[in-house]
Structure formats: C-alpha cells, structure tokens
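Results of the structural survey
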Amino acid sequence: MSAIAKVEPLSTARALRGPFDYSLPAAFADVQVGSLLVVPFASRRMLGVVVELADRSALPPERLAAPLEALELGVPTELVSLALWLARETCSTPARALALMLPAGTGRGPRPRVRRRTALVARLREPAPTDDGPTPRLTSRQRETLARLAEAGPMPVTALAASHDTLRRLRDRGLVELRQESVERRPRRGQLPVSGTPTLTAHQHRALEPIRAAMRAGNHKRLLLHGVTGSGKTEVYLQAAAEALERERGAIVLVPEIALTPQIVARFQARFGDTVAVLHSRLRAGERHDEWLRLRRGDARVCVGPRSAVFAPVARLGLVVVDEEHDPSYKQESDPRYDARSVAARRAQAGHAVLVCGSATPRPESVHALSTVRLPERVDGRALPPVEVLDMRDRVGALHPTTRAALADVRRTQSKAIVLLNRRGWSNFLTCRGCGKAWCCPHCDVTLVLHRDGSIACHHCGHRQRAPSSCDACGSLAVARHGAGTERLEHELGEALGGEGFPVLRLDADVLASGATAVDDVLEHFSAADAGVLVGTQMVAKGHDFPDVTLGVILDADATLRFPDFRAEERTFSLVTQLAGRAGRGPAGGVVLVQTLAPDARAITHAARHDANGFIAGELERRAALRYPPFAELIRVVCASPAVGSAIAAAAAIAERLDSEAGALLGPAPLFRLRGRERAQLLIKAHDRDVAVRTLGEVVDAVARERTHRAVSIAVDVDPQ
Ligand code: ADP
Ligand code: ZN
Ligand code: ZN
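Summarised in this report is the structure supplied together with it. Nothing here was measured: the structure is a model prediction, and the numbers come from that model. (Residues numbered from 1 in each chain as written. Chains lettered and ligands numbered in written order. Predicted model: local features only at pLDDT ≥ 70, side-chain atom pairs only at ≥ 80, totals over all residues. Heavy atoms only, no water.)

A few words on the overall build of the protein chain. Within the protein chain, the regular secondary structure consists of 19 helices and 30 strands. By the compact-globule yardstick of 27 Å for 721 residues, the protein chain fits well, its C-alpha radius of gyration being 29 Å. If you line up the protein chain on its principal axes, its C-alpha atoms span 90 × 75 × 60 Å. When the 721 residues of the protein chain are sorted by exposure, 53% land in the buried category. As displayed, the protein chain offers around 32,500 Å² of accessible surface, 50% of which is attributable to carbon and sulfur atoms. The distance from the centre of the 97 positive side-chain charges to the centre of the 82 negative ones in the protein chain is 3 Å. (Helix = DSSP H or I, 4+ residues; strand = E, 2+ residues; numbered from the N terminus. Rg over C-alpha atoms; globule rule 2.2 N^0.38 Å. Buried < 20%, exposed > 50% of the residue type's maximum accessible area, 1.4 Å probe, protein only. Areas by Shrake-Rupley, 256 points an atom, 1.4 Å probe, with all protein chains shown as cover. Lys, Arg positive; Asp, Glu negative; His and termini not counted. Charge placed at Lys NZ, Arg CZ, Asp CG, Glu CD.)

Here it is in structure tokens:
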C-alpha cells in the first residue's frame, strides 16, 4: 500500500493548484487514483481527487495531514488521466477538468448532493408457501396484483396500482414480501418498438468493414463517415456498437442535443434495451446519478448523450461515435472550453477503441485529419431533393412569391413543410421614428428582440423588459418594428395557412426553455399530423427523420455568412445542406427553396448542387492560403472587466509578453460589451500547438496574478468555434 496520496482539491480558483500530499493511515488502505477524499485544507474541509499515489513525500511526515473521509464512489482511473490532459490542452486547471468527471450528483463540496434512493419494494414470496388449509380466497384486486408481480418481477409499491390494504393482506398471508430496498431511477424511454437488424446496403457494408476489422484486431482507428442525409449512418453506428458489445466492450455515442435527437436514442434503446444508458443535463439529478452508476458497474455498456457524455464511465471502451460531427454544440463555451470531438479522439486512442465521426457536412478539419468512408446515396436510392435559390435582393416582405406558392401547394396537397429562419422572437429590433433611438440591452451592446408576449429581450444575457409604447427619449408614439423572427413567421403562416388538420408549429430556443417536454411535444405533434408546417431556427434542420416532408424552405440563408468568422461559410453550407436533408425522405419526394441576398455565395451555390466534396476542397484551399485551421492552430484570449480600458490593458499585457514562438498575434481588439463587462480579444495563430498552449498558459497565469489586472477575468479558448 502506498503511504502518500497526491490530492487535487476541487476548487474553482485558478490560483489554487495542487496536487497536495496527504498521508494515508491504515483506514484508507482502499484509496486509489480517482478516489474522492474529504481533506482538511487551510482550516477548511474540501473535496479532492487523488491524482497519484506515492511512497514518500518531499514534506516531513509531521507536516502531512490525513484525509477525513473517503467517499464511496470515485472517478475512474482513466478519466483522471483524461482530466489532467484536458486541463493542459485547454489552459484550464486540473480541478476544473476533474470536476467534469465526477460521479453524477457529486458536488464540489464535501457532501454528495444525490444519494441512493430506497423505496418499499414488493415481490412474490418464493417459494410460495404451501397451505394445507382451505385455499385462501383472493379478491380480484389481490389476484391482479399477484399476476402483475409474477409478470413484471419485483417493483416499488408506488408503481403497483394496489392499495396499501391489498398489499398488507397479501403480505400477512405470506404471498408477498415487502422490503425497503434501493431502487434505480430511470429516465423516460423512447417509444420505438424493439427492432430487428436490417440487411445493410452495399455502401453501409463497406463502411462497417474497416470498423469491424479494427475492433477485431483491438486497434485504435479514426474514421470519418461522410454520408449524405438519409444514407443510413445511424444503422452503421448501431451495427458497430453491436460488434463492440459482442467483444464485451462498451460504446459512447455522442449526439448534438438530446432534446432534438430523441429518435437516435430511441433507436439504440430499441436495438439494445437496458444496456443503453443516457446521460444529459435535462435528466433529474437522481436519474443521472443512477444512469452513471449503471455504466460504472457495467450494467449498462452503451452511453448515448450530448458532449458531456464523452466523460461517461464506460469501461473497456471499444467504440466512440460522434454523430453530426459538424455541430457547434460539441464545443463547451465555459471553462474548461473543451471540444468533445477532440476529447472523443483522445479517449478512443487511450482505450484502443474505434472513433467514428459521422456527418453529411463534415468539417474541413475532419476531412483533412481522418480517413473517409462514404455513403453517397440515400438508403432507398431516392435522389436528394432539387434546391432552388431565390434571389431576395430588391424584394420586400419575408417570403418570395415562389415560396408562397409552394407553401400553398403543401396546404392544398395536405403534405408537410419545414421552414427555417435562424432568428427567434417577433421582431429583430425596435427604433423610434421620431428620434431614431434603438432599444438596446443595458448590459450588452446588442439590440433587444421583441417577443410576442410584449416583452423585449436580450438573447445574450437574458435581460427582459416590457416593450415600449412610446419613446422615452423624445416622447414619440411611433415605435417601428424591424425584421421578422420565428414567432412572427409562425403567426403569419398560421393566419395564412393554418387551420383544422393543418397545424403551424414552432421550434426554437424559447420552446426548449418553456418546459422539459415542450420540444418532444412539438416534434411528436408534427410527426403525428397528416400535414402541416414546422417553423423554427436551426433546430428544425437537425437530424429529424420525417418521411412526409415535401418542402424545405430556408429564409435569409446568408444570415450566417454575415458573421465575422472564418467558419461562416462552413456554417452556411452545412445549415442549407442539413435543411435540404429533411425534405424528400419519402415516396412523394420533395423540393428545397433557399431565399438569400447572396445567391452567388460559394456556400450557397455548392449546397444547392449537393456538392459537399467541391465545397470542402475549396474551403481547404482557402484556409491553407489564409493559414486557418487545420493549417494553423487558433487560440483566442478574451479579457473581460467591469471597468472601461482595463480589459484592453490586460490583453495588451498578454500580447506584449508572448514571444514570437507562440505564433502570429491578431489584436488586441475590443469586443462588444457582454453582461455588463467590457471585453477585449487577442487571437493567436500558432505554428506549434503545444508550445503555444504552454507559453500562453504561463503568461496568462502571470498577468492574472498582477495587481493592476486583478479585476479582469481572462478566458483562454483553444480551437475557438
Ligand atoms: P442518416 O443517419 O444517414 O440520416 P438514417 O440512419 O436515419 O440516415 O436512415 C434513414 C432511414 O433509413 C431510417 O428510417 C432507417 O431506419 C432506414 N435504414 C437505414 N439503413 C437501412 C437498411 N440497410 N435497410 C433498410 N432501411 C434502412
Ligand atoms: Zn424618440
Ligand atoms: Zn444583454
């Protein structure tokens, strides 16, 4: 047994860096790397993770304290190494990275927030007692209860539709046993029936072969599955997972946003049953805790979830899938700013597992780095829908006449349409016709968006106030509304087309925020309806498989092109292609209409021709010329401060101290104010990622410690999105 544990206290403070040595008395003989210990720390009690065991310490024994307590659950050893790697890669701290790996329900404090749940469980007495007397007369209720228990097995009494009286009588007769036991809290399951395994198409078969071969050999392998929408990528994931399970190995399947992809979860559950666990933030704390435990114990071996599921405690990992690998939601936007796709690659490598990244619109980075297998056709051999680009220059109104006619057609023929407008709310912004005042967020430099409920809201910080009826600057009563958002579009299409048997539904972040099942409800309503329109933000373009959608429309398709970001074209291409992928998945076929002010933009013309290869080739050429990823590493530093000028000063101090070894510097440049804080940004185009990350980490730590910059918070984002 080792005598010393090196412990990283779970503090969020950048300045507090372990590991610190603690002695391990005999009572802590079971402590391992990953164990969670409550330790005394500068007169406080803190929770810490053991990151290493050692035989001796540099400190004299009398200066070493012993832990106060060891928690029952710990972090799996391989996730401790993953966390330490992640902390270095993202310029974060080991404690912040370790916090991502904790058993679900463990807070950073010394007491777990979630405990096992126990409940009164009823089960049949076995063997059933033989009764020599007259056969006991059972009421119909009692007989029903016995039958239910015989069929479904032991269950909590709350799940049995039986009164306490009934159960007590059954117990008194020796037929049923009632005991307090620990029970698992399980998330609501998908509704798909259990499914068989379809015969793969030739393309699917060819895609699966290298995955199987690598798994058979126990080799690490990274593959990009570039398959057009509807080409059966999910089926390839399913059969790859089956292969992993057959070899007694586990799988992690990452999806962009669980609320929007209930189908893929349901398909895994229908195929593999209880061996599938889901982990995501919308579960109740107890459900998450118990799903985590099922994985940790090996009761479940496949984990499906969004980016944080990349930290799932799946042992003997054989397969990691990243579905819709182009999706920006794989990037975490708070410290540690990790990219689940890079973490997935790292985990797969460490576990000698196979990584499969799938998309119809893969990132140029992935095309560059991974070997590609293709699914060039839809499963049923149907063509991708034709795409018509509609020039909106010199036009007024939200809809092109062609769009209006196509929507009316959908109504007449009773089919379905999806309309994408990547802007939620009612109107983009309000101005005063008298003096020109625009209503802006008091905390951020952005305009407030009008919502149908009569409020104006900031989509960055969540600030909300009542919409003005008059101008508080000049008193004018003429307040103009500009632009349309999803709420207004829903309303207008509802007025024009909606009615009995033709619902007009909306899906956007406001719906997502309005309740746990709100998104499911909308998707289920649209799916179950015979006809109708689904209006929404980019959420409507994600992975849905509605076979009866015959029309896809995207309004203001070049909106994403106007972002000052080198990924703007990629985003636009992918949005148009993904939306097109929702249409024409059934026998009735379909068409796609793209309204835009930039009909000649490369992203739009290539998407209209379904030419992903051409687009990506051009994109890689452009990036090589401009030295953007994957030909250079980009690192972003954002300094934020309540005081004007100090954010810029801190960014300048960092820029000054970075030597040219780190890479080329862009900035510091001011960013728009956010949540009441002034911001400044510094961009580094690094030649050598490791050197740049290390140098920058040291410089940031030094600048953060200086008095003059104390009020400034500094965030480092390696591979910003
Ligand atoms: P993707 O993920 O590439 O968009 P999906 O996996 O959702 O495509 O497949 C589209 C549809 O085709 C789904 O309804 C799926 O059940 C079906 N499908 C996939 N593979 C096959 C196959 N080999 N034979 C028959 N149907 C299939
Ligand atoms: Zn005014
Ligand atoms: Zn704001």
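Once the structure has been displayed, the description carries forward.
The next subject is the sheet that holds strand 1 (residues 4-9). Hydrogen bonds between backbone groups are what pair the strands of a sheet, and the pairing can be parallel or antiparallel. Taken together, the five strands give an open sheet; going across it, the order is 2-1-4-3-5, and neighbouring strands pair in antiparallel fashion. On the outer flanks of this sheet lie strand 2 (20-23) and strand 5 (69-70), each paired with one strand and no other. One ladder, built from four bridges, connects strand 1 with strand 2; its direction is antiparallel. When the bridges of strand 2 are listed, Val7 appears paired with Phe20. (Pairing = 2+ DSSP bridges.)

Attention now goes to the site of ligand 1. What surrounds ligand 1 is a group of 17 residues, the closest being Thr199, Gln204, Gly230, Lys233 and Thr234. Here Arg267 contributes a side-chain N or O atom positioned 3.1 Å from an oxygen atom of ligand 1. Isolated, ligand 1 exposes 560 Å² of accessible area, and the fraction of that covered by the protein chains is 71%. Looking at the shell around ligand 1 element by element, the count peaks at three residues for helix 6 (residues 233-246). The residue makeup of the shell around ligand 1, split by class, is four nonpolar, eight polar and five charged. (Near = heavy atom within 4 Å. Polar contact = N/O pair within 3.5 Å; in protein donor to acceptor, adjacent residues only side chain to side chain. Nonpolar A, V, L, I, M, F, W, Y, C, P; charged D, E, K, R; others polar.)

Another point: the packing of helix 15 (residues 568-582) against helix 17 (residues 612-626). One can describe the packing of helix 15 onto helix 17 by two numbers: an axis separation of 11 Å at closest approach and a directional angle of 175 degrees. Taken together, the axis directions place helix 15 and helix 17 in an arrangement best described as roughly antiparallel. When helix 15 is examined against helix 17, the residues Glu569, Glu570 and Phe573 are found in contact with a partner set consisting of Ala612, Phe615, Glu619, Arg622 and Arg623. In terms of residue class, the contact of helix 15 with helix 17 is built from three nonpolar, no polar and five charged. (Axes fitted to C-alpha atoms, helices over the stretch in contact; angles between N-to-C directions. Parallel < 35°, antiparallel > 145°, perpendicular 65-115°, else oblique. Contact = heavy atoms within 4.5 Å.)

A few words on the sheet that holds strand 28 (residues 664-674). Taking strand neighbours across the sheet as the criterion, the four strands line up as 28-29-27-30 in an open arrangement whose pairing is antiparallel. At either margin of the open sheet sits one strand with a lone partner, and together these are strand 28 and strand 30 (713-718). Recorded for the sheet is a direction-independent mean angle of 20 degrees between the axes of neighbouring strands. Pairing geometry for strand 28 and strand 29 (residues 677-686), over seven bridges, is antiparallel. Bridge pairing in strand 29 links Leu674 to Arg677. Contacts between helix 19 (residues 689-705) and the sheet are confined to strand 27 (633-641), strand 29 and strand 30, with strand 30 contributing the most and set at about 175 degrees to the helix.

Interpretation in functional terms is not warranted from these geometric data alone.
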